[in-house]
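These are the residues of each chain, in order.
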Amino acid sequence: MALADDDVLLREGLASLLERRGFDVVGLCGDSTELISLVREHRPELAIVDIRMPPSHTTEGLDAARVIRDEVPKTAIVVLSSHVEVEHAMDLLGSGERSGYLLKSRVTDVDEFIETLERIVKGGSVVDPALVQELVAAQRVDDPLDVLSPRELEVLGLMAEGRSNAGIAHQLWITEGTVEKHVRSILMKLRLPATADDQRRVLAVITYLDAR
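Small disclaimer: the values here were computed from a predicted structure and weren't measured.

## Remarks on the overall build of the chain
The helix and strand inventory of the chain stands at 10 helices and six strands. Considering the chain as a whole, with its 212 residues, one finds that 50% of them fall into the buried category. A separation of at least 24 residues holds for 65% of the contacts in the chain among residues at least 6 apart in sequence. Carbon together with sulfur atoms contributes 50% to the accessible area of the chain, which is approximately 10500 Å² in total.

## Describing the packing of helix H1 (residues 8-20) against helix H5 (residues 110-121)
At their nearest, the axes of H1 and H5 sit 12 Å apart, and the two run at 80 degrees to each other. Between H1 and H5, the crossing angle belongs to the class labelled roughly perpendicular. Between H1 and H5, the residues in contact are Leu14, Leu17 and Leu18 and Val110, Phe113, Ile114 and Leu117, respectively. Residues that form the contact of H1 with H5 fall into these classes: seven nonpolar, no polar and no charged.

## Remarks on unusual backbone geometry
For the bond from Pro54 to Pro55, the omega torsion is 5 degrees, close enough to zero to count as cis. Structurally, Pro55 is set in the loop between strand E3 (46-49) and helix H3 (60-71). With a phi angle near 45 degrees, Arg43 is a residue other than glycine that sits in the positive phi range. Secondary-structure assignment places Arg43 in the loop between helix H2 (32-42) and E3. What makes Arg43 exposed here is its relative accessible area of 54%. With phi around 60 degrees, Trp173 is a residue other than glycine that occupies positive phi space. Examined against the element boundaries, Trp173 turns out to sit in the loop between helix H8 (165-172) and helix H9 (176-189).

## So, the pairing of strand E5 (residues 99-103)
Counted residue by residue, E5 has five buried out of five residues, so it is predominantly covered. Burial along E5 is two-sided: the face carrying Ser99, Tyr101 and Leu103 and the face carrying Gly100 and Leu102 are both buried. The pairing of strand E4 (residues 76-81) with E5 spans five bridges and is parallel. By the bridge assignment, Val78 is partnered in E5 with Gly100. When E5 meets strand E6 (residues 125-127), the two strands line up parallel, connected through three bridges. Across the sheet, residue Gly100 finds its bridge partner in E6, namely Val126. Following the chain from E5 across H5 to the adjacent parallel E6, one finds a crossover that is left-handed.

## Concerning the sheet that holds strand E1 (residues 2-4)
With respect to topology, six strands assemble into an open sheet ordered E2-E1-E3-E4-E5-E6, the strand pairing being parallel. Edge positions in the sheet fall to strand E2 (27-29) and E6, since each of these pairs with one other strand and no more. Each strand of the sheet is rotated relative to its neighbour by a mean of 15 degrees, with strand direction disregarded. Both E1 and E3 contribute to a ladder of three bridges, which runs parallel.

So, how was this worked out
Residues numbered from 1 in each chain as written. Predicted model: local features only at pLDDT ≥ 70, side-chain atom pairs only at ≥ 80, totals over all residues. Heavy atoms only, no water. Helix = DSSP H or I, 4+ residues; strand = E, 2+ residues; numbered from the N terminus. Buried < 20%, exposed > 50% of the residue type's maximum accessible area, 1.4 Å probe, protein only. Contact = heavy atoms within 4.5 Å. Areas by Shrake-Rupley, 256 points an atom, 1.4 Å probe, with all protein chains shown as cover. Axes fitted to C-alpha atoms, helices over the stretch in contact; angles between N-to-C directions. Parallel < 35°, antiparallel > 145°, perpendicular 65-115°, else oblique. Nonpolar A, V, L, I, M, F, W, Y, C, P; charged D, E, K, R; others polar. Pairing = 2+ DSSP bridges. Right-handed = clockwise from strand over helix to strand, strands pointing away.

Structure (C-alpha cells):
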C-alpha cells in the first residue's frame, strides 16, 4: 500500500495503524508526484490519497489518481477527503471499480475502515454515506431513477455506500435472495449495458449518484 497526504501526523498515524492490521506499507509521501513514483515502482494493491495536496492544494491527489488508474489499473484507489466534493467523487467513481471516496472526519471505527479498504482492494466501489446524502438532497427534476420502486431506491442507495448483497439484506431485514431480485430489477430498469455483473453494479451506483 502507498499513502499520500500532506498532513504528516495523519499520514504517519494511518500508516502505523494499517501496518498493525497487516497491511504492507511500501511508502509514504506528502505530494502527488512522489505518490505516482511510488506506485510505478512498487505497484501496490492499494493507494490512499488526499485530494488537496501541494503545491496548489486543489486537485493534485485526484490528478494522481487518474494517472494511477491509467498506468497501474490493478492498484485500488481510496480518496480520503476533508470535504464533500461531489464532482471529484463522481470523477473517481466514473473511472471504474476498485475505488472509494471517504471523509476523514467520518473514519471513527477502525474495524469498519479496515473492512472497507479490504472490500475496495477486492474490487468494490465505496462511497461515503455523507456524500450520498448530499446528492440525494440535490435531486434533479428530471430523475432517471423515477422508474425504480421505493424499495429498489433503498437497495441502490445501500449499493452506493459499498454494501454487499448480504450487507443490504441485513440492513433492510430481508433475505439475500430478495436483494438479488431487487438488484436484477434495478439493472434492467436502468437499461445498463450487458457487461459483467460487478461492473453493472458500479454503473448503477454512478447513475444513482449522477441523478442526485
